Amino acid sequence: MKLDNVVAERLNKTIYRDGNNAIKVFDADYSKADVLNEALNQARVEETGLNIPKAIEVSKIDGKWAIVSEYISGKTLEQLMKEDPEKEDEYLELFVELQMKVHSKTSPLLTKLKDKMNRKISVADLDETTRYELHTRLEGMPKHNKVCHGDFNPSNIIVTESGIPYIIDWAHATQGNASADVARTYLLFCLDGNIALADKYLDLFCAKSKTEKKYVQKWMPIVAASQSVKGRPEEREFLHSWTNVVDYE
């Protein structure tokens, strides 16, 4: 495999293109369990029939773990939105429709979202009372088993030249309540400094899915707390500010 064509660089990983393959190479100290879990997530989501790159193999390159997948040629939805701001509403519509399609699927072997969030809240840098309140709120939320992407944002959607969208990066996939996934996307827009787009996204998703906005907002403190565990230091302060949000009634 050739590693001379870098297509993207992310925290702790670099993605290369070699012909029809995309090779995601993880840093040497990256958790083996996390790499194998990501590949397994991708394989399980493939089985749902969603439009995603096919996983080809997991290997080691120069002592570093790597996941080899089908390479999808195109532009991310994030790029398209920046290049043609006049089409923002059209692209946002596509974005929401794709997320709803993800939520229409089930994959019984994926990690349960509630279990993952409980683990993360337990180790979050928050006082004991706040952690207890978040655990209690999480326990009281309805249990669903919908596929949740866990990092659904416009940079994780590639649109081919012929207009076919593919959803990438299934490292954080779980099964659970779709509104938690929506709350995560809302906070990702906010972390990117785009509050107006975050609000527009939430309004559109709730309208199209007939979901009450206050129901999604109830998830935000829980999602913010779990996200703060691995979030960048500069993001933690923002996320911690969300963990004490009062109930939306």
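Here the structure is shown first, and the text comes after it.
Owing to the predicted nature of the structure, the values given are computational and were not obtained by experimental measurement. (Residues numbered from 1 in each chain as written. Predicted model: local features only at pLDDT ≥ 70, side-chain atom pairs only at ≥ 80, totals over all residues. Heavy atoms only, no water.)

Colleague: Help me out: how do you make sense of the environment of Leu36 in this one?
Modeller: Relative to the elements of secondary structure, Leu36 occurs in helix α1 (residues 32-46). With a relative accessible area of 38%, Leu36 lands in the partly exposed category. In sequence terms Leu36 and Asn194 are 158 residues apart; their C-alpha atoms lie 33 Å from each other. (Helix = DSSP H or I, 4+ residues; strand = E, 2+ residues; numbered from the N terminus. Buried < 20%, exposed > 50% of the residue type's maximum accessible area, 1.4 Å probe, protein only.)

Colleague: What is the right way to look at the sheet that holds strand β4 (residues 55-61) in this model?
Modeller: Strand pairing in a sheet relies on backbone hydrogen bonds, with the paired strands running either antiparallel or parallel. The antiparallel open sheet is built from five strands, whose spatial order is β1-β2-β3-β5-β4. The open sheet terminates on both sides in strands that have one partner only, identified here as β1 (6-10) and β4. Neighbour-to-neighbour, the strand axes of this sheet turn through a mean angle of 20°, independent of strand direction. Bridge count for β4 against strand β5 (residues 64-70) is six bridges, and the pairing is antiparallel. Each residue of the ladder has a partner; that of Ala55, found in β5, is Ser69. Sitting on the sheet, α1 touches β3 (21-26), β4 and β5, and the angle it makes with β5 is about 15°. (Pairing = 2+ DSSP bridges. Axes fitted to C-alpha atoms, helices over the stretch in contact; angles between N-to-C directions. Contact = heavy atoms within 4.5 Å.)

Colleague: Looking at this structure, how should I read the nonpolar core?
Modeller: If you look at soluble globular proteins, the nonpolar side chains tend to sit buried side by side. The biggest cluster of nonpolar side chains holds 52 residues, and the ones touching the most others in it are Trp170, Tyr186, Tyr201 and Trp219. Sequence-distant contacts of Trp219, defined by excluding residues within four places in its chain, comprise Leu113, Met117, Leu138, Met141, Asn177, Ser179, Ala180 and Ala183. In terms of nonpolar packing, the next biggest core, distinct from the first, is built from six residues, Tyr16, Ile61, Ala66 and Val68 among them. (Core = buried A, V, L, I, M, F, W, Y, C linked by side-chain atoms within 4.5 Å.)

Colleague: Just to check I follow, could you spell out the packing of helix α5 (residues 128-140) against helix α8 (residues 213-228) for this structure?
Modeller: The description of two packed helices rests on the angle between their axes and on the distance between the axes. Relative orientation of the contacting elements α5 and α8 amounts to 125°, with a least axis distance of 10 Å. Classified by the angle between their axes, α5 and α8 sit oblique to one another. Handedness of the α5/α8 crossing: left-handed. Here α5 contributes Leu134, Arg137 and Leu138 to the contact with α8, which in turn contributes Lys218, Trp219, Pro221, Ile222 and Ala225. Its residues assigned to classes, the contact of α5 with α8 comprises six nonpolar, no polar and two charged. (Parallel < 35°, antiparallel > 145°, perpendicular 65-115°, else oblique. Left-handed = near helix turned anticlockwise from the far one by under 90°. Nonpolar A, V, L, I, M, F, W, Y, C, P; charged D, E, K, R; others polar.)

Colleague: What is the right way to look at the pattern of salt bridges in this model?
Modeller: Going through the model one piece at a time under the given rule, you end up with eleven salt bridges. A salt bridge links Lys75 to Glu83; the nearest nitrogen and oxygen atoms lie 2.9 Å apart. Given a relative accessible area of 37%, Lys75 falls into the partly exposed group. For Asp151, the salt bridge is made with Arg184, and the minimal N-O distance between the two is 3.7 Å. Here Asp151, found in the loop between β7 (146-148) and β8 (157-159), pairs with Arg184, found in helix α6 (residues 178-191); they are 33 residues apart in sequence, far enough to count as distant. We note that Asp151, like Arg184, is buried. (Salt bridge = Lys/Arg side-chain N within 4 Å of Asp/Glu carboxyl O.)

Colleague: Could you clarify how one ought to interpret the side chain of Thr211 in this entry?
Modeller: Along the chain, Thr211 falls in the loop between α7 (195-209) and α8. Residues in contact with Thr211, not counting those within four places in the same chain, are Ser179, Phe205, Cys206 and Val216.

Colleague: I would appreciate a short explanation of the sheet that holds strand β9 (residues 165-167) in the present structure.
Modeller: The sheet built from three strands is open, its strands ordered β6-β8-β9 with antiparallel pairing. Whereas interior strands pair on both sides, the edge strands pair on one side only; in this sheet they are β6 (75-76) and β9. In terms of strand pairing, β6 meets β8 through two bridges, oriented antiparallel. Bridge pairing in β8 links Lys75 to Val159. Strand contacts of helix α3 (residues 88-103): β8 and β9, with the helix running at about 50° to β9, the strand carrying the most contacts.

The analysis is restricted to geometry; functional conclusions fall outside its scope.
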